[in-house]
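# Coordinate inspection notes
Residues per chain, in single letters:
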Amino acid sequence: MEIINANSGMLSNYEVLALLNDQKAQRQANEVAGTREVAENLRTVEFEVQKYLGASPCATQSPKQIAKLKEAFSKFNGESQQLMKVELLQILNLRPRSDVELTLVIEEFEQRFDVSSCPEILAIIRDALPRNDDPPAGEEDDE
Amino acid sequence: MFNLAEIKDTIKIEPSGFRKKKSQAITDEINRKYANKVLQDVGLCVAMFDILHASEGFIHHGDGCSYVTVHFRMVIFRPFVGEIITGKIRSCNQEGVRVTLGFFDDIFIPYAYLQQSTEFNAEEQVWVWMYDENEMFMDLDEDIRFRVESEHFFDTSPSVRPKKEGVDTPDLSANSSKQAPYSLVCSIDGDGLGLLSWWSG
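The shown structure was predicted, so the numbers you read here are calculated from the model rather than taken from an experiment. Starting from 1, residues in each chain are numbered consecutively following that chain's sequence as written. Chain letters and ligand numbers both follow the written order, the letters beginning at A and the numbers at 1. Under the rules for a predicted model, residues below a pLDDT of 70 receive no local features and side-chain atom pairs below 80 are neither given nor counted, while totals for whole chains, interfaces and linings still include all residues. Side-chain numbers here rest on the full set of heavy atoms in the structure, without hydrogens or water.

The next thing to look at is the overall build of chain B. Only DSSP runs of H or I reaching four residues or more are called helices, and only runs of E reaching two or more are called strands; each is numbered from the N terminus. Per the secondary structure count, chain B includes 2 helices and 14 strands. Only protein chains enter the calculation, and the probe is 1.4 Å; a residue is then buried if its accessible area is under 20% of its type maximum, exposed if over 50%, and partly exposed in between. Going through the 201 residues of chain B one by one, you find that 44% of them count as buried. For this analysis, residues touch if any pair of their heavy atoms sits within 4.5 Å. Across chain B, the fraction of contacts at a sequence separation of at least 24, relative to all contacts at a separation of at least 6, is 67%. To measure how exposed things are, a 1.4 Å probe is used in the Shrake-Rupley method; for residues, cover is taken only from the protein chains shown. Carbon and sulfur atoms provide 48% of the accessible area of chain B, an area that totals close to 10300 Å².

This part takes up the pairing of strand 5 (residues 66–77) of chain B. Residues and elements named next belong to chain B. With 10 of its 12 residues buried, strand 5 lies for the most part within the structure. For two strands to be treated as a pair, DSSP must find no fewer than two bridges joining them. Summarising the sheet, strand 1 (residues 2–13) and strand 5 pair through 12 bridges and their orientation is antiparallel. Across the sheet, lysine 12 pairs through a bridge with tyrosine 67, a residue of strand 5. Pairing of strand 4 (residues 58–59) with strand 5, which is carried by 2 bridges, proceeds in the antiparallel orientation. For isoleucine 59, the partnering residue across the bridge sits in strand 5 and is serine 66. Between strand 4 and the antiparallel strand that follows it, strand 5, lie 6 residues; glycine 62 among them carries a positive phi value of about 80 degrees.

Glancing now at the nonpolar core. Each nonpolar core is a collection of buried residues, namely Ala, Val, Leu, Ile, Met, Phe, Trp, Tyr and Cys, held together in the definition by side-chain atoms within 4.5 Å. Grouped together as the largest cluster of nonpolar side chains are 74 residues, with contacts concentrated most on Leu69 and Phe73 of chain A together with Phe2, Phe77 and Phe146 of chain B. If you look at the next biggest cluster of nonpolar residues, it comprises 17 residues, including Ile11, Val42, Val70 and Met74 of chain B.

Helical geometry: 3.6 residues make up each α-helical turn, so side chains three or four residues apart lie on a common side. Residue and element names in this part refer to chain A. Within helix 7 (residues 118–128) the residues assigned to the buried category are Cys118, Ile121, Leu122, Ile124, Ile125 and Ala128. Down the axis of helix 7, the sector holding all buried residues measures 155 degrees, keeping them to one side. The elements touched by buried residues of helix 7 are helix 3 (63–73), helix 4 (85–94), helix 5 (99–105) and helix 6 (109–112). What the arc covers is the set of directions going from the helix axis to the C-beta atoms.

What follows covers the packing of aromatic side chains. Here is the rule: rings of Phe, Tyr and Trp (six-membered ring for Trp) pair when centre to centre is within 6.5 Å. Planes less than 30 degrees apart are stacked, more than 60 are edge-to-face, and the remainder are tilted. Counted under the stated rule, the structure contains 14 aromatic pairs over all chains. Pairing tyrosine 52 of chain A with phenylalanine 103 of chain B gives two aromatic rings, centres 5.5 Å apart and planes at 70 degrees, and the pair type is edge-to-face. Here tyrosine 52 of chain A, found in helix 2 (residues 40–54), pairs with phenylalanine 103 of chain B, found in the loop between strand 7 (96–100) and strand 8 (107–110), and the two come from separate chains. One exposure class covers both tyrosine 52 of chain A and phenylalanine 103 of chain B, and it is buried.

Between two packed helices, the angle of one axis relative to the other and the distance separating the axes together describe the packing. Residues and elements named next belong to chain A. Where helix 3 meets helix 4, the closest approach of the two axes is 11 Å, and the angle between their N-to-C directions is 130 degrees. Comparing the axis directions of helix 3 and helix 4 gives the class oblique. Relative to helix 4, the crossing made by helix 3 is right-handed. In this structure, helix 3 uses Ile66, Leu69, Lys70 and Phe73 to contact helix 4, whose residues at the interface are Leu88, Ile91 and Leu92. Looking at the contact of helix 3 with helix 4 residue by residue, the classes come out as 6 nonpolar, no polar and 1 charged. Note on method: axes are straight lines fitted to C-alpha atoms, helices fitted across the in-contact stretch only, with angles between N-to-C directions ranging 0 to 180 degrees. Our angle categories are set so that under 35 degrees counts as roughly parallel, over 145 as roughly antiparallel, 65 to 115 as roughly perpendicular, and the remainder as oblique. Here a crossing is called left-handed whenever its near helix is offset anticlockwise from the far helix by less than a right angle, and right-handed whenever the offset is clockwise. In this classification, Asp, Glu, Lys and Arg are treated as charged, Ala, Val, Leu, Ile, Met, Phe, Trp, Tyr, Cys and Pro as nonpolar, and every other residue, Gly included, as polar.

Moving on, we come to unusual backbone geometry. Residue and element names in this part refer to chain A. In this model, arginine 95 sits at a positive phi of 45 degrees, which is unusual for a non-glycine residue. With respect to the helices and strands, arginine 95 occurs in the loop between helix 4 and helix 5. Given a relative accessible area of 3%, arginine 95 falls into the buried group.

Attention shifts here to the pattern of salt bridges. Salt bridge, as used here: a side-chain nitrogen of Lys or Arg that lies within 4 Å of a carboxyl oxygen of Asp or Glu. Inspection of the entire model under this criterion finds 10 salt bridges over all chains. Between arginine 27 of chain A and glutamate 46 of chain A there is a salt bridge, and its shortest N-O distance comes to 2.8 Å. Placement of arginine 27 of chain A in helix 1 (residues 13–33) and of glutamate 46 of chain A in helix 2 is noted, with a sequence separation of 19 residues between them. Taken as a pair, arginine 27 of chain A and glutamate 46 of chain A share a single burial class, namely buried. The salt bridge involving glutamate 101 of chain A is made with arginine 145 of chain B; its shortest N-O contact spans 3.4 Å. One end of the pair, glutamate 101 of chain A, is in helix 5; the other, arginine 145 of chain B, is in strand 12 (residues 143–153), on a second chain. A single burial state applies to glutamate 101 of chain A and to arginine 145 of chain B, both of which are buried.

Right under this line is the structure:
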């Protein structure tokens, strides 16, 4: 075994979940034909990762939403306001809902963005990655 | 949290696998070999992502298996240092808090990395964050958000493991230490970190 590149790119949680779901669906289709048996270790990790990711915000995401989020953030075009890849990834994976979560995933938030832009950014996230378990609008703005 | 690793390996396909399509046989074999295993300095393998290149199959003398050199990509669980992740509290003890993600358990928050002025409640065996006279208990199974501070790989292969004193048995599991091959040291010392319920307002 030779490791050519230990890190040739990052994946968002959504991509991993989509891959696992696809893989499982494809396998089940094949299983009917009775041609494949599945390794126990794959089943275990697949089940556990699916369970973890299924309960995380990525479960309701789609490629369209992710593209939309990326586009929405491109309006912050100040030099320091460009989001780094990892920041965008964290926003996707964690989907911050409050100011304090947002400042956690964006480095040096206060220097790069105005604190007053928090609600605006949160609105972008809420808008681009809709979920139906959000508290009703308005409640969060009071915080 | 997840990334891709490019790996090249020789994969053995047993004759029973010959009825499958080649790509399927390779995928199954790679997953059997790698899924849910830790690769040193790479991370925890989840599943094969794609096959970049596969050679012709070779059959060795005296062996009916087909050996294929495959260049493939694997989905790896390896959070970067500084990443924020959510998990569940698995256990608490004097030394700190253990957190699980379900598929990965070796996450440890040492007591020094807990929120300032957190105390251990020996009666309930949990850590309690004393925040403005409020006692915030860190109960088991609560959702917790934490930051990755450092990662540790430990080579658990038998050949390099130092023998324990006085133990000399051919049984490798007897002189195995219980150290995890890949573990994360994390912190919840900061705003927004800790139990989700602390910050949800």
